[in-house]
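Below, each chain spelled out in residue letters.
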Amino acid sequence: MLLKFTKMQGAGNDFVVLDATRGPIELTRDQLRRLGDRRFGVGADQILLVEPSRSAGVDFRYRIFNNTGDEVEHCGNGARCFVKFAHQQGLTSQRTLRVETVNNLLELTLQDDGRVTVDMNRPIFDLDQVPFDANGLAPRREGGFERWPVDIGEDRQLELAVLSMGNPHAVQRVADVRETPVAELGPRVQASPRFPRGVNVGFMQVLSHSQVALRVFERGAGETLACGTGACAAVVAGIRLGWLNRKVDVQARGGVLTIEWPSDADTVRMTGPAETVYHGEIEL
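Residues numbered from 1 in each chain as written. Predicted model: local features only at pLDDT ≥ 70, side-chain atom pairs only at ≥ 80, totals over all residues. Heavy atoms only, no water.

1. Considerations on the environment of Pro131
In plain terms, the rule: Numbering of helices and strands runs from the N terminus; a helix is a DSSP stretch of H or I covering at least four residues, while a strand is a stretch of E covering at least two.
Residue placement: Pro131 occurs in the loop between β8 (116-119) and β9 (140-142). Residues Pro131 and Pro196, 65 residues apart in the sequence, show an inter-C-alpha distance of 6.8 Å.

What follows is the structure in structure tokens.
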């Protein structure tokens, strides 16, 4: 099959975006992996499939696949690219869209400066919903939150803040994110049986009460240049632990994301860039 696609990026987190609003697109796991392959396909962290809404009061539905072919629940940077794609393809003229994912309903707003704000919904702290197995662990409380000692092998533990932004996250504070061995520690945390559905692992350096540097080793994708849900999880954890203000600029390797969590009762809002790189076709 000859498949049209759009290559997009949000703060360096890159995507292949497919328009299934005019007709269904059914891809096998091997075809999804081919699209995501940087040598034999297009190359991307994730593949986004834009579909018509299935629900009243919702504008679109979209599905998210890692470049391994696995479907995942949520991607904040992908959601921003989704809005730009829908406008550029003439699928909508609305500035604010309501979009459903596999387990979430998102509100996305295209700002006058071209950036996109995503309502990322409320963070989830219930460990069973993350999910995270805390059986037998004694957390260290700090501020109004916990850091959990998780064994990662070789007689080493990391203290991790654990929560969900629609997908599971573990956050570790580090002294210097540039010197942190993310490629080594990320897989070791992900291999822990404490995370039965896997986990995205964030390594956060607090620069000030309103600025952090962050690297994220994503579930199924490895380290990416930016992770929207990871940025939200890191800021929420930092706020609950007493390290951060309610509005924080997150410096990812691919750019800056602004995260706001006005109060514990509010949803988390993320604002950042989204850009089209090119359009193309590929034979699958």
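2. Points about helix α2 (residues 76-88)
Side chains of residues three or four places apart in an α-helix project in the same direction, reflecting 3.6 residues per turn. To be explicit about the condition: How far a helix is expected to stretch is found by multiplying one less than its residue total by 1.5 Å. With a 1.4 Å probe rolled over the protein chains alone, any residue whose accessible area is under 20% of its type maximum counts as buried; one over 50% counts as exposed, and the rest are partly exposed.
End to end, α2 covers 19 Å across 13 residues, agreeing with the expected 18 Å (1.5 Å per residue, within 8%). With 11 of its 13 residues buried, α2 lies for the most part within the structure. Of the positions making up α2, those classed as buried are Gly76, Asn77, Gly78, Ala79, Arg80, Cys81, Phe82, Val83, Lys84, Phe85 and Ala86. One or two steps after α2, the chain reaches Gly90, where phi turns positive at roughly 70°.

3. Some points on the pattern of salt bridges
Test applied: Salt bridge, as used here: a side-chain nitrogen of Lys or Arg that lies within 4 Å of a carboxyl oxygen of Asp or Glu.
Taken as a whole, this structure holds 23 salt bridges when the rule is applied. Between Lys7 and Asp14 there is a salt bridge whose closest N-O contact spans 3.4 Å. A salt bridge links Asp112 to Arg95; its shortest N-O distance comes to 3.1 Å. Taken together, the positions of Asp112 in the loop between β7 (105-110) and β8 and Arg95 in the loop between α2 and β6 (96-100) put the pair 17 residues apart, joining distant regions of the chain. Salt bridges sharing common partners tie together Lys7, Asp14, Arg38 and Asp45.

4. Brief notes about the state of the cysteines
How we decide: Two cysteine sulfur atoms make up a disulfide if the distance between them is within 2.5 Å.
Applying the stated criterion across every chain yields a total of 0 disulfides. There is no disulfide at Cys75, and the cysteine sulfur nearest it, in Cys227, is 6.8 Å away. Here Cys232 stays unpaired: no disulfide links it, and the sulfur of Cys227, its closest cysteine neighbor, is 8.7 Å away. A relative accessible area of 0% places Cys232 in the buried class.

5. Some details on the layout of surface pockets
The cut-off we apply is this: The pocket and cavity definitions rest on a 1 Å grid over protein atoms only: a 1.4 Å probe that fits but cannot leave marks a cavity, an open set with protein on both sides within 12 Å along at least five of seven lines marks a pocket, and residues lining either have an atom within 4 Å of a point. Grid points are joined across faces, edges and corners, and a volume is the space filled by probe spheres set on the points. Classification used: nonpolar for Ala, Val, Leu, Ile, Met, Phe, Trp, Tyr, Cys and Pro, charged for Asp, Glu, Lys and Arg, polar for all others including Gly.
Size it by volume and the largest pocket reaches roughly 170 Å³. Along its surface, the largest pocket is lined by Lys4, Phe5, Thr6, Val17, Asp19, Arg22, Ile25, Phe85, Gln89, His279 and Gly280. Contributions of two or more residues to the lining of the largest pocket are made by β1 (2-10), β2 (13-19) and β19 (275-283). Broken down by element, the lining of the largest pocket gets its largest block of residues, 3 residues, from β1. Looking at the lining of the largest pocket residue by residue, the class counts come to 4 nonpolar, 4 polar and 3 charged.

6. Quick word on helix α1 (residues 29-36)
Our working rule: Each C-beta atom gives one direction from the helix axis, and the arc is the one those directions make. Two residues form a contact once any of their heavy atoms are found within 4.5 Å.
Listed as buried for α1 are Gln31, Leu32, Leu35 and Gly36. An end-on view of α1 places all buried positions within 135° of arc, on one side of the element. Among the structural elements, β1, β2, β3 (46-52), β4 (60-66) and β19 are those in contact with the buried residues of α1.

7. Observations concerning the side chain of Asn167
To be explicit about the condition: Polar contact criterion, stated in full: a pair of N or O atoms within 3.5 Å, where within protein one must be able to donate a hydrogen and the other to accept it, and residues adjacent in sequence count only if both atoms are side-chain atoms.
In this fold, Asn167 is placed in the loop between β11 (157-164) and β12 (168-173). In this structure the side chain of Asn167 is engaged in a polar contact, spanning 3.3 Å, whose partner is the side chain of Thr229. Excluding residues that lie within four positions of it along the chain, Asn167 makes contacts with Glu73, His74, Asn200, Arg219 and Thr229.

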